[in-house]
Amino acid sequence: MTIAYLDDSATTRVSEKAALKAAEMMTKNFGNPSSVYSLGLDAEMEVKKARGSIAERLGCGEKEIFFTSCGTEANNLAIFGAADALKKTGKKIITTAIEHPSVLNAAKELEKRDFEVVYLPVYGDGKIRLRDLEGELDESVILVSIMLVNNETGAVQPVKEATGLTKRLCKNALFHCDMVQGFGKTGDTVGELGVDLLSVSGHKIHAPKGVGALYVRNGIKINSILFGGGQEKGLRSGTENVPSIAAFGVAAEEIPDEKEALERAAKLNETVRSLLLSIDGVKINSPEDALPYIINLSLPGVPSEVMIHFLEGEGMFVSGGSACSKGRRSHVLTAQGLPPEIIDSAIRVSFSPDTPEQHVKMFAENVKNAARLLRRKK
Ligand code: PLP
């Protein structure tokens, strides 16, 4: 049976080169980058190289990249670090209702610590409106955190316009963007987006799990949330995860030309969408202009879990909503105003630049079979 992994937004297969690099750093070049002898210096050089590769992809200086243990930690560091550094200036934070839990739950924790948090709504197209952001921007705002690509629907938020507005109306506020799902796909640079802080994660781009990075714009000061040996210029203490960091660098170098890959993904997306929409009852929950690598769809009457296991039986791996929301009703689709029968039958299919067209077509074919077989059994 052909196995089609169509859950790249949950995690990706580690590339051969990245895996070999990680193995090399574990078994041969295994020094502690803080050690002063050559084995340590060699490891430090690899960390520096990886920092440079990620910086190049993001269009920033390597000194602006700080390694973390994952995207979740990068988001937490940005949010708690900024809130702590700016708490004397103001206590208002703006984010959206559809952020990843690593932003939403950090924001909820800040509410417990007496910060005021505003969660911008999204509309039927899964996107915020700039007028809502504008209405909340006042001199007490210290941080705005808006994701670039939503992990459940692929909806792309107007980050560039939002940073422009924020900078114009709130001189003191920092702007953070969770770019975990957009990195290596949209081709945006930190300069184009106009952000101060931006999070990325290794395992979404064919690097191992357990490594991420936070971009901190030169001159911006945020406080650390871990206290220890002062690694990463004191912002993120803890011995660096050199194997994963080096592999992250390799995976970043392997990212194909994003614009070309995006064009191919858009064609694939169009093909699958039209195949899916020809199936009686199928609803597509992703907006038409979503990142083409992600499609969220529902077949009302067939619960997400039933569909996932049916597809698994056919050799296809997809998610229900996001990989992190097992068993819970999606906060993203709820915020988008979708009815329960759509939310409870939602699945997410996501792919990478190298996903074979045949796999994506096979998916549409199997949804068609599911519509025939599973709905008839009701
Ligand atoms: N932000 C978004 C949008 C994500 O999709 C994810 C992971 O799914 C994360 C943050 C968290 O990244 P990590 O799994 O590296 O902690």
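Every chain is numbered on its own, with residues counted from 1 as its sequence reads. Note on the predicted model: pLDDT of at least 70 is required for a residue's local features to be given, and 80 or more for side-chain atom pairs to be given and counted; whole-chain, interface and lining totals, by contrast, use all residues. The basis for the side-chain values is all heavy atoms of the structure; hydrogens and waters are excluded.

## Observations concerning the pairing of strand β2 (residues 65-68)
Two faces make up the sheet, and in a regular strand the side chains alternate between them. Our working rule: Working definition: with a 1.4 Å probe on protein chains only, accessible area under 20% of the residue-type maximum means buried, over 50% means exposed, and in between means partly exposed. A run of H or I in DSSP becomes a helix once it reaches four residues, and a run of E becomes a strand once it reaches two; helices and strands are each numbered from the N terminus. Pairing between two strands requires that DSSP report at least two bridges joining them.
Residues of β2 alternate between two faces, with I65 and F67 on one and F66 and T68 on the opposite face, all of them buried. Sheet topology note: the β2/strand β8 (residues 212-216) ladder contains four bridges and is antiparallel. Note on β8: the bridge partner recorded for I65 is Y215.

## Some thoughts on the nonpolar core
Operational definition: In plain words, nonpolar cores are sets of buried Ala, Val, Leu, Ile, Met, Phe, Trp, Tyr and Cys residues tied together by side-chain atoms within 4.5 Å. A contact between two residues is defined here by any heavy atoms of the two lying within 4.5 Å.
Formed by 85 residues in total, the largest nonpolar core has its most connected members in L58, F67, L198, F248, L276, L297 and F363. Here this core gets eight residues from one element, more than from any other, and that element is helix α13 (residues 357-376). With sequence-adjacent residues up to four places away left out, L297 is seen in contact with L276, V282, K283, I284, N285, S345, A346, I347, V349, F363 and V367. Core analysis: the next-biggest nonpolar cluster, separate from the first, contains 25 residues, F66, V103, A107 and L110 among them.

## Quick look at unusual backbone geometry
One non-glycine residue, H206, lies in positive phi territory at about 75°. The topology assignment puts H206 in the loop between β7 (197-201) and β8. The buried category is assigned to H206, whose relative accessible area is 17%. At K233, a residue that is not glycine, the phi angle is positive and equals roughly 50°. By secondary structure assignment, the location of K233 is in the loop between β8 and α8 (242-253).

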